[in-house]
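Commentary on secondary and tertiary structure
Here are the chains, one letter per residue:
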Amino acid sequence: MVIKPTDWDKIVQPYTGDISLLVNLIKWPTVYDKQTVSKRSPHGKALKDVLLWLKKIAEKWGLKTHLYRNEVLGIQLDGKSSNRIESVCHVDVVSVSGKWRFAPFSAEVSEGNLYGRGTQDMKFQLWSNLLSLKIIKDQGIIPDRTLRLVIGTDEERTMTDIKRYIDEAGLPEFAYTPDGSFPLCLGEKGVWTAKVFQRIQTRVSQIRTYQSSNAICDRVDVWIPENDNKRAIEFLAAKQVAFTLGEDKRIIFLGKSAHSSLPEDGKNAIIPALKFIDAFYQENWAKTYVKVFTDYYGTEIGIGDGQSQMGKTTLCLNRIRLDNSQLTLILDARYNDDTDDRELEELTAKSLPDALVTTVYVDPVTKTDMNNRFVDKLLKVYYQANPDDSREPYYSGGVSYSKAYSGRCVAFGIEGIDSSIPKLAHQTDEHVPLSIIPKTLSIYTRALYELSVI
């Protein structure tokens, strides 16, 4: 069967009106839950249960399924050969914090927008690609290559789920993850995550943060001696610092969350909290961290600007905890091909001589060859659907499942499909406009079909 590019808009149209499956998917609270982790639910009960729920739906549609180690679901439309094209998605979402217009897992529709954690990253894309498989099957098409939707449950933390999946299933001929932005992401910066430990002398009794380590901190809770509270409140009000008070008189410093790869889109609440401790108590340890981490390009530790086409390296202080004078911090760096994790650790340790800096996670820089026939096909699919879009393929500071695919996977996501849509992945009031459903569904359905018949 030969289908013209323009035919896909008409083919997908009957599928664009019913969003009940998408709404129900958003309602699943698929945040990693340490309390319910078990051998049968390696990343928490909700994440295992949502895979079983999706498995039943796919099987009802006549698609094949396989559950890998209770953490990755494969949904497959068999082709004429066993060579695979994969769309690689994740159903887990980052933790929720801040004040939302609607409850983050209520999946409310308002003014044409669907609100909820995961609407941009990436349950909407997962739903679109699942529906794309059904649409292709419903046309009676047997693709030349086998098409498989891969759904992981630990992308936002370690991505070990997808690495174990690849160990068991093997690499496909080609894959894309509907993450990031159109037209296409050719590669991703490296990731360096580190823990910093330091014993300090301080008047502060406790400090807490609550968000994921790959998000800019939007809330820091600080406990100080009760007899200092009144003076501290007056001090902060005079400085016009964004804060509120907890019921137990803790001081809650407020910021704005953003993805750690885009620190310029957020406002790190840790920095004003540390500035307060430095100014109010004259504690030099706080002054040091303010000096090192206020600039999120790592200028203070000596990271060079370089001329990398991947953009600047970023270094963010995303989490902080203080108990019994033991300070623990989590750093997140997204580094370009001008540096590496060893240099980052060395420079950071040199800038924090009284602390212990320990690398806890590294994912190196990855790139996919531009002269790849599958890459060329994806670009043609996108540009034919958006002939006025002049943007070029790019490199990203984000981290997606494509890192695990050894150069056989690119990010091919919806960000930028409509320039009026705010970037709210990992932020409060995350939402997606329902108006983009027809175009998104047409692009992904056509992409899967075209990749299968090259």
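I will try to describe carefully the structure that is included in this document.

Thresholds, definitions, all that
- Residues numbered from 1 in each chain as written.
- Predicted model: local features only at pLDDT ≥ 70, side-chain atom pairs only at ≥ 80, totals over all residues.
- Heavy atoms only, no water.
- Buried < 20%, exposed > 50% of the residue type's maximum accessible area, 1.4 Å probe, protein only.
- Helix = DSSP H or I, 4+ residues; strand = E, 2+ residues; numbered from the N terminus.
- Pairing = 2+ DSSP bridges.
- 1 Å grid on protein atoms, 1.4 Å probe; cavity = no way out; pocket = protein on both sides within 12 Å on 5 of 7 lines; lining within 4 Å.
- Points joined across faces, edges and corners; volume = space filled by probe spheres on them.
- Nonpolar A, V, L, I, M, F, W, Y, C, P; charged D, E, K, R; others polar.
- Axes fitted to C-alpha atoms, helices over the stretch in contact; angles between N-to-C directions.
- Parallel < 35°, antiparallel > 145°, perpendicular 65-115°, else oblique.
- Left-handed = near helix turned anticlockwise from the far one by under 90°.
- Contact = heavy atoms within 4.5 Å.
- Polar contact = N/O pair within 3.5 Å; in protein donor to acceptor, adjacent residues only side chain to side chain.

This next bit is on the pairing of strand β3 (residues 84–90). For β3, the buried fraction is high: seven of the seven residues fall into the buried class. With burial as the criterion, each face of β3 is covered, one bearing Arg84, Glu86, Val88 and His90 and the other bearing Ile85, Ser87 and Cys89. Here β3 runs beside strand β7 (residues 174–177); their pairing, made up of three bridges, is parallel. Paired with glutamate 86 across the two strands is alanine 175, which belongs to β7.

Right, let's get into the layout of surface pockets. If you add up the space inside the second largest pocket, you get close to 310 Å³. Along the wall of the second largest pocket there are 20 residues; nearest its centre are Gly266, Lys267, Asn268, Ile271 and Pro272. Breaking the lining of the second largest pocket down by element, the ones donating at least two residues are α7 (270–281) and β14 (314–323). Looking at the lining of the second largest pocket residue by residue, the class counts come to twelve nonpolar, four polar and four charged.

Attention now moves to the packing of helix α10 (residues 373–385) against helix α11 (residues 437–452). The contact between α10 and α11 brings their axes to 10 Å, and the two run at 150°. Regarding the angle of α10 to α11, the classification is roughly antiparallel. Crossing of α10 against α11: the hand is right-handed. Contacts between α10 and α11 pair Phe374, Lys377, Leu378, Lys380, Val381, Tyr382, Gln384 and Ala385 from the former with Lys439, Ile443, Arg446, Ala447, Glu450 and Leu451 from the latter. Taken together, the residues of the contact of α10 with α11 break down into eight nonpolar, one polar and five charged.

This next bit is on the sheet that holds strand β13 (residues 251–254). Here eight strands make up an open sheet; going across it, the order is β12-β13-β11-β10-β14-β15-β9-β16 and the pairing antiparallel. The two strands at the open ends of the sheet, each matched to only one other strand, are β12 (243–245) and β16 (356–363). For this sheet, the mean angle separating the axes of adjacent strands, direction not counted, is 25°. Examined bridge by bridge, strand β10 (residues 206–209) and β14 share two bridges and lie antiparallel to one another. In the sheet register, isoleucine 207 faces β14, and the bridge partner there is leucine 322. Across the face of the sheet, helix α6 (residues 229–238) comes into contact with β12 and β13 while running at roughly 155° to β12.

Contact geometry for α6 and α7: axes closest at 11 Å, N-to-C directions at 115°. For the pair α6 and α7, the crossing hand works out as right-handed. Contacts between α6 and α7 involve Arg231, Ala232, Phe235 and Leu236 on the former and, on the latter, Phe276, Ala279 and Phe280. Classifying every residue of the contact of α6 with α7 gives six nonpolar, no polar and one charged.

Take threonine 153: it is sitting in the loop between β6 (146–152) and α5 (160–169). Among the polar contacts made by the side chain of threonine 153, one reaches the main-chain carbonyl oxygen of glutamate 71 at a distance of 2.8 Å. Apart from residues no more than four positions distant in its own chain, threonine 153 is found in contact with His43, Leu47, Leu51, Glu71, Val91, Asp92, Asp161 and Tyr401.

So, about unusual backbone geometry. Both trends apply: most residues other than glycine have a negative phi, and most peptide bonds are in trans. Each neighbour pair has its own omega, and for aspartate 121 with methionine 122 the value is -15°, a cis peptide bond. Of note, methionine 122 is situated in the loop between β5 (113–115) and α4 (123–138). Each neighbour pair has its own omega, and for phenylalanine 182 with proline 183 the value is 10°, a cis peptide bond. By the secondary structure assignment, proline 183 is in the loop between β7 and β8 (185–188). One non-glycine residue, arginine 69, lies in the positive phi region at around 55°. For arginine 69, the location among the structural elements is in the loop between β1 (64–68) and β2 (72–77). Unlike most non-glycine residues, aspartate 429 shows phi in positive territory, near 60°. Its location among the elements puts aspartate 429 in the loop between β19 (409–411) and β20 (431–433).

Let us look at empty space enclosed by the protein. Going through the model one piece at a time under the given rule, you end up with one cavity of 30 Å³ or more. There is about 60 Å³ of room inside the largest cavity. Around the largest cavity sit Val94, Ser95, Ser97, Arg117, Gln211, Ser212, Ala215, Asp218, Ser257, His426, Gln427 and Thr428, which together line it. Here the residues of the lining of the largest cavity are counted per class, giving two nonpolar, eight polar and two charged.

Purely geometric stuff here, so don't read any function into it on its own.
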